[in-house]
Amino acid sequence: MSIRRGVVVAVIALALVGLVVAWALGRDDPQPGNAAGDTPPSAGATPAPTASPSQTGSASAQASQKPDESAKPDGSPKSGGPASDPPTTAPSQTPSDSGGGGNVVPYAEVTPEPAIGIRETADFGTGLTLHITSMEAVQGEARGPGEVAGPAVQFRLQAENASRQPIPLDGMTITVTYGDDKTPASALSEPDGVPFSGELGAGESAEASYNFAVPVESRDSVQVTASYTGAAPMVVLAGSAS
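Every chain's residues receive numbers from 1 upward, in the order its sequence appears when written. For this predicted model, a pLDDT threshold of at least 70 governs which residues receive local features, and a threshold of 80 or more governs which side-chain atom pairs are given and counted, while totals over whole chains, interfaces and linings are taken from all residues. The basis for every side-chain value is the complete set of non-hydrogen atoms in the structure, without hydrogens or water.

> Before we go on, may I ask you to explain the overall build of the chain in this structure?
Segments assigned H or I by DSSP are reported as helices when at least four residues long, segments assigned E as strands when at least two residues long, and all are numbered from the N terminus. If you tally the helices and strands in the chain, you get two helices and 12 strands. The N-to-C order of helical and strand elements in the chain reads α-α-β-β-β-β-β-β-β-β-β-β-β-β. Buried residues are those whose accessible area, probed at 1.4 Å on protein chains only, stays under 20% of the maximum for their type, while exposed residues exceed 50% and partly exposed ones sit between those limits. The proportion of buried residues among the 242 residues of the chain is 25%. The contact definition used throughout considers only heavy atoms, calling two residues in contact when any of these lie within 4.5 Å. Counted over contacts in the chain with a minimum sequence separation of 6, partners at least 24 positions apart contribute 69%.

Have a look at this one:
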C-alpha cells in the first residue's frame, strides 16, 4: 500500500511540475503580430482615420460634379485649341415699295404719260380709263385741316374698268396745277367733294368729284394728274378749265 501511494504522489507531482513549466513557457512566447524585426507602435501615435464607404462615395460625387475650369463659360475654346469663326448674319433685305395688286415696282418707274387734252380719255394701260365729265366754278368751303375757303373749280371724273379683273380705287390720287409754272392748287372738301374709293368691278364705271382752289385768272392753263397704283403710270390731262 505504501508503495502505491508513493507512485500516485510522484505522478501528481510530475503533473504539477509539467503544468508549471507549460505556464512559464507560455508567458515567454512573443505576442502574435510582434515578430522579430517588427517595430511596436509608439504609445503616443494616433492611428489615421479610415474613410467609410459612404464618405468615399460622397467625395467621388463631388469631384464628378465640379465643372472643368479649363472650359470658359462664354463657350470660347480652351487655350491652345483652334478658334472658331464668329457666326455670320445675313444682311436684311428691304422690300421695294409695292403698288396695287402686290406688284413690286421701283418708284422711279412711276412716271407720268405725256399730257393729253383735258377733254380726252386717259388710259392707264391696265384696262382702267379716266376722263373729266365736267368742270364747274364753285365757292370752295374749308372743312379739313389746312384748307382755305375761296374761288375753286369742281372737277367731276368718271373711271371705267374695261379689264376682266376688279380694280381697287382706294389709292386713286388727283392733283391739279395751274399756270406755266405749274403751281399746285389746294384741295377743298366742299362743296360735295366725293373721292374715288372701293373696288371697281370688271366692266363697271364710277364717278367722283374733287374741288381745287384755282384762281380765276389762271384757269386757262390747268393740269389734272391722276394715279391709282405704282404699277401703272400717271396720266395728265391739260387744258382750259374755264
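> Sorry, what's going on with a nonpolar patch on the surface here?
Here the term patch refers to residues with relative accessible area over 30% and no salt bridge, with like charges joined within 9 Å and nonpolar side chains (Val, Leu, Ile, Met, Phe, Trp, Tyr) within 5 Å. Accessible surface area values rest on a Shrake-Rupley calculation with a 1.4 Å probe, where residue burial reflects the displayed protein chains alone. Here, a salt bridge means any side-chain nitrogen of Lys or Arg that lies within 4 Å of a carboxyl oxygen of Asp or Glu. A cluster of nonpolar residues, Val 8, Ile 12, Leu 16 and Leu 19, forms a patch on the protein surface that exposes about 400 Å² of accessible area. Locating Leu 16 in the fold gives a position in helix α1 (residues 2-28).

> What exactly am I supposed to notice about the sheet that holds strand β7 (residues 183-184) here?
The strands making up a sheet associate through hydrogen bonds between their backbones, and the pairing can be parallel or antiparallel. Pairing is mixed in the open sheet, where five strands are placed in the order β1-β12-β11-β6-β7. Each edge of the sheet is formed by a strand with only one pairing partner; in this case those strands are β1 (116-117) and β7. Pairs of strands are assigned from DSSP output, requiring at least two bridges between the strands.

> Please explain the pattern of salt bridges as it appears in this structure.
Close approach of charged atoms allows side chains with opposite charge to pair. All chains considered together, the criterion is met by one salt bridge. As a salt-bridge pair, Arg 143 and Glu 141 come within 2.9 Å of each other at their nearest N and O atoms.

> How do you make sense of the sheet that holds strand β3 (residues 128-140) when you look at a structure like this?
With respect to topology, five strands assemble into an open sheet ordered β2-β3-β4-β10-β8, the strand pairing being antiparallel. Each having just a single partner strand, β2 (121-123) and β8 (186-188) make up the two edges of the open sheet. Neighbouring strand axes in the sheet, compared pairwise and without regard to direction, differ in orientation by 35 degrees on average. With three bridges joining them, β2 and β3 adopt antiparallel strand pairing. Each residue of the ladder has a partner; that of Asp 123, found in β3, is Thr 129. Only the contacting stretch of a helix is used when fitting its axis, a line to C-alpha atoms as for every element, and angles between N-to-C directions run 0 to 180 degrees.

> Could you clarify how one ought to interpret the pairing of strand β12 (residues 235-239) in this entry?
Each regular strand carries side chains that alternate between the two faces of the sheet. As judged from the two bridges shared by β1 and β12, these two strands associate in the parallel manner. Residue Ile 116 lies in a different strand from β12, and its bridge partner there is Leu 237. Here strand β11 (residues 222-227) runs beside β12; their pairing, made up of five bridges, is antiparallel. Note on β12: the bridge partner recorded for Ala 226 is Val 235.

> Quick question: what am I supposed to make of the pairing of β11 here?
In terms of burial, β11 is largely enclosed, as six of its six residues are buried. Both faces of β11 are covered, namely the face carrying Val 222, Val 224 and Ala 226 and the face carrying Gln 223, Thr 225 and Ser 227. The pairing of strand β6 (residues 173-178) with β11 spans six bridges and is classified as antiparallel. If you follow Thr 173 over to β11, its bridge partner there is Ser 227.

> Hey, could you run me through the nonpolar core in this one?
Inside soluble globular proteins, nonpolar side chains tend to come together where they are buried. Core analysis: the largest hydrophobic core is formed by 32 residues, its most contacted members being Phe 124, Leu 128, Phe 155, Met 172, Ile 174 and Phe 196. Of all the secondary structure elements, the ones that give two or more residues to this core are β3, β4 (150-161), β6, β10 (205-213), β11 and β12. Residues belong to one nonpolar core when they are buried, are Ala, Val, Leu, Ile, Met, Phe, Trp, Tyr or Cys, and are joined through side-chain atoms within 4.5 Å.

> I keep staring at the packing of aromatic side chains and nothing clicks. Help me out?
Each aromatic ring pair is summarised here by two numbers: the centre-to-centre distance and the angle between the ring planes. Stacked, tilted and edge-to-face are the three classes applied to pairs of Phe, Tyr and Trp rings, where Trp contributes its six-membered ring and a pair requires centres within 6.5 Å; stacked means planes under 30 degrees apart, edge-to-face means over 60, and tilted covers the rest. Counted under the stated rule, the structure contains three aromatic pairs. Aromatic side chains Phe 155 and Phe 212 sit 6.2 Å apart centroid to centroid with 65 degrees between the ring planes, which places their arrangement in the edge-to-face category. Taken together, the residues Phe 155 in strand β4 and Phe 212 in strand β10 connect sequence positions 57 residues apart.

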